[in-house]
Amino acid sequence: MEWLNPENVVALLTAMVGVAAAVGPFWYERRVPRRKRIGYRVQMDTPIGGDARNGHDTVRLGLFDDSPDMSNATLVLLRIENDGAQGISATDYTGPDTHGLTVHFTDRTVRGVAVTQPNPEHAHLMAHFTPEAGMRHQRNRVHLPKVPLNRGQHYKLLVLLGGGGVGSAVRVTGGIQDGAVMPNESTTPDDKTPLFSRPARTLVLALAVCVVALATLTVVRDDADPPPMGCAAGKLTVTGSTAFTPVAKELAEKYEDECPGSRITVDTHGSTAGIRALDEAGATAEDGSPAVVALSDGPKPNGYPRLRESRVAVSAFALVLNDRVPLKGLTTAQVRALYAGTVRNWKELDGPDLPVRLVSRDANSGTRQVFQRRVLGGGEPANTSQDCVRRDDGRPGVVRCELDSTEQVLAEVASVPGALGYSELRSGSTPKGVHRLRLDGREPSIEGIGAGGYPYHEIEYAYTYGSPPADSLVSSFLVYLTRGSGQDIIRTHGHLPCAAPEAAKPCAG
């Protein structure tokens, strides 16, 4: 076998990527954390009384021996630190009380507390530790104020305790907006960051060994023409959401390029129509699982018990307005008034003297269902116009038309003065003559979804009829779509893959 061939080069590159993946998480987790975080670690827990029951007997002189109730005293040094990526302000603490954090000393009683700050540059933090700000102790607890901490700042508590032995649990509790309070391990000098746990190190080392071993086996084996890993041959139809059509087409093209022998047809007519087509194909398929994947903006309707879901991505949507109306945003209440017909001219919302014209999607559209569910809180009014300009019956009232695709909606809103519509939020720009609107003061963005602010979004689902065979093109394409390199394509089109860490909360529904 000739050593220098494409298969072996790929194998060696895979080994290099595996090693990088083993080292990368250590650097990434400590250097680029994604959340606000307060960490705490016990740097000293020592007896200063006679803790003989735990084998910690001491020799005491002076005040340690003369002061009352020192026979079972212990001394704890606790470090509280901001080891996240962002600064923490007083308003980031979510507790309803004056204090921000509470330190619990299990089986021990607090007798005295001293707050220390060894770094002179951070001495200003000491001004926050006042009774008025919530600093106090009672029984086995110490309540700490809502101290603002820039990234890397810390303070320490030196606590005199009684009633329990060394090693009793020490916990810090409290709430941080978009963050957490977490314990750290400290096996290093004081000014160094805490280490990862032993299980984490073992897991990463095992991953590196497995990847290198896999690459080695690929190099030494002598297959004449090994197939690409994870690929499957055959034919597949992708139907459903028109909003997700650009993503589906590029995914199909890339998969066909990487996996010879596969043929994927993208034929989308709306989420509801796609769900219905998949169910009908499954009911007549001989093996019970047809080579069809249906994409849907939001969950499937009731009445399709055989369909199995996979959560693919979170998609943001936006209201779009003709440029003749210079408004930059609307409230949810204003949008509902427009669709209820109580506002018929834009001058009623401090806009120009132009009649309101509503450009909507047809009843099979998942984009329309998302709009009704997330913004209107109910159904849209009846269709009253074929040309989106005048009512068919000639009577006064709201002008509303329905179109078959997102592209048609955007084009119609751009050409009709006073037109208002909606579409998914793509990575590219909207057509000339159209601009997106803020909703309740929030900019339409995928980043806004991850932060939990922008409300007009929905989960994109991929449905199959039952569970397709593991070696089928349907299963292979779903892996490519939800966990494989297809995630990069999803991101380039302005959607957030559900496999991304920042999508965990919105993808959970």
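Since we're looking at a predicted model, the values are computed, not measured. (Residues numbered from 1 in each chain as written. Predicted model: local features only at pLDDT ≥ 70, side-chain atom pairs only at ≥ 80, totals over all residues. Heavy atoms only, no water.)

Visitor: How do you make sense of the overall build of the protein chain when you look at a structure like this?
Guide: On a plain count of helices and strands, the protein chain comes out with 12 helices and 21 strands. Residues classed as buried in the protein chain amount to 46% of the 509 residues present. Nonlocal contacts in the protein chain, meaning residues at least 24 apart in sequence, comprise 77% of its contacts between residues at least 6 apart. Approximately 25,400 Å² of the protein chain is accessible, and the part contributed by carbon and sulfur atoms is 54%. (Helix = DSSP H or I, 4+ residues; strand = E, 2+ residues; numbered from the N terminus. Buried < 20%, exposed > 50% of the residue type's maximum accessible area, 1.4 Å probe, protein only. Contact = heavy atoms within 4.5 Å. Areas by Shrake-Rupley, 256 points an atom, 1.4 Å probe, with all protein chains shown as cover.)

Visitor: Sorry if this is basic, but what is going on with the pattern of salt bridges here?
Guide: Between side chains of opposite charge, a pair can form as their charged atoms come close. In this structure the tally under the stated criterion is 17 salt bridges. Of the charged contacts in the structure, one is a salt bridge between Glu380 and Arg368, with a shortest N-O distance of 3.9 Å. Of this pair, Glu380 sits in the loop between helix H7 (366-376) and strand E16 (399-403) while Arg368 sits in helix H7, placing them 12 residues apart in sequence. A relative accessible area of 11% places Glu380 in the buried class. (Salt bridge = Lys/Arg side-chain N within 4 Å of Asp/Glu carboxyl O.)

Visitor: How do you make sense of the pairing of strand E6 (residues 141-144) when you look at a structure like this?
Guide: Consecutive side chains along a regular strand alternate between the two faces of the sheet. Alignment of strand E3 (residues 101-105) against E6, held across 4 bridges, turns out to be antiparallel. In the sheet register, Thr102 faces E6, and the bridge partner there is His143. Summarising the sheet, strand E5 (residues 136-138) and E6 pair through 3 bridges and their orientation is antiparallel. Looking across to E6, one finds that Arg136 is bridged to His143. Following E5, the chain reverses through 2 residues before pairing antiparallel with E6; Arg139 in that reversal takes a positive phi of roughly 50 degrees. (Pairing = 2+ DSSP bridges.)

Visitor: What exactly am I supposed to notice about the state of the cysteines here?
Guide: One way to say it: the disulfide is the covalent bond shared by the sulfur atoms of two cysteines. By the definition in use, this model includes 3 disulfides. Bridging Cys231 to Cys259, the disulfide has an S-S length of 1.9 Å. Between Cys231 and Cys259 the sulfur-sulfur dihedral comes to about -65 degrees; the bridge is accordingly left-handed. With Cys231 in the loop between helix H3 (198-220) and strand E10 (234-240) and Cys259 in the loop between helix H4 (245-258) and strand E11 (262-266), this residue pair connects regions lying 28 residues apart in the sequence. You can call Cys259 buried: its relative accessible area is 4%. One disulfide bridge connects Cys388 with Cys401, the sulfur atoms lying 1.8 Å from each other. Its S-S torsion of approximately 100 degrees makes the covalent link between Cys388 and Cys401 right-handed. Remark: Cys401 occurs in strand E16 and Cys388 occurs in the loop between H7 and E16; sequence separation between them is 13 residues. The pair formed by Cys388 and Cys401 is uniform in burial state, with each residue classed as buried. Take the cysteines of the protein chain that form disulfides and number them in order along the sequence; they join up as 1-2, 3-4, 5-6. (Disulfide = S-S within 2.5 Å.)

Visitor: For this particular structure, what's the right way to read the sheet that holds E6?
Guide: Note on sheets: strands pair through backbone hydrogen bonds, and any given pair is parallel or antiparallel. One open sheet accounts for 4 strands, arranged E5-E6-E3-E8; its pairing is antiparallel. Each end of this open sheet is capped by a strand with a single partner; those strands are E5 and strand E8 (170-173). Pairs of neighbouring strands in the sheet enclose a mean axial angle of 15 degrees, with direction left out of account. (Axes fitted to C-alpha atoms, helices over the stretch in contact; angles between N-to-C directions.)

Visitor: Explain helix H6 (residues 332-340) here, please?
Guide: Residues three or four positions apart in an α-helix share a direction because the helix packs 3.6 residues into each turn. Taken together, the buried positions of H6 are Thr332, Val335, Ala337, Leu338 and Tyr339. In this fold, the buried residues of H6 make contact with strand E13 (307-322), strand E14 (329-330), strand E15 (357-361), H7, strand E17 (419-424) and strand E19 (438-439). Positive phi shows up at Gly341, right after H6, with a value of about 85 degrees.

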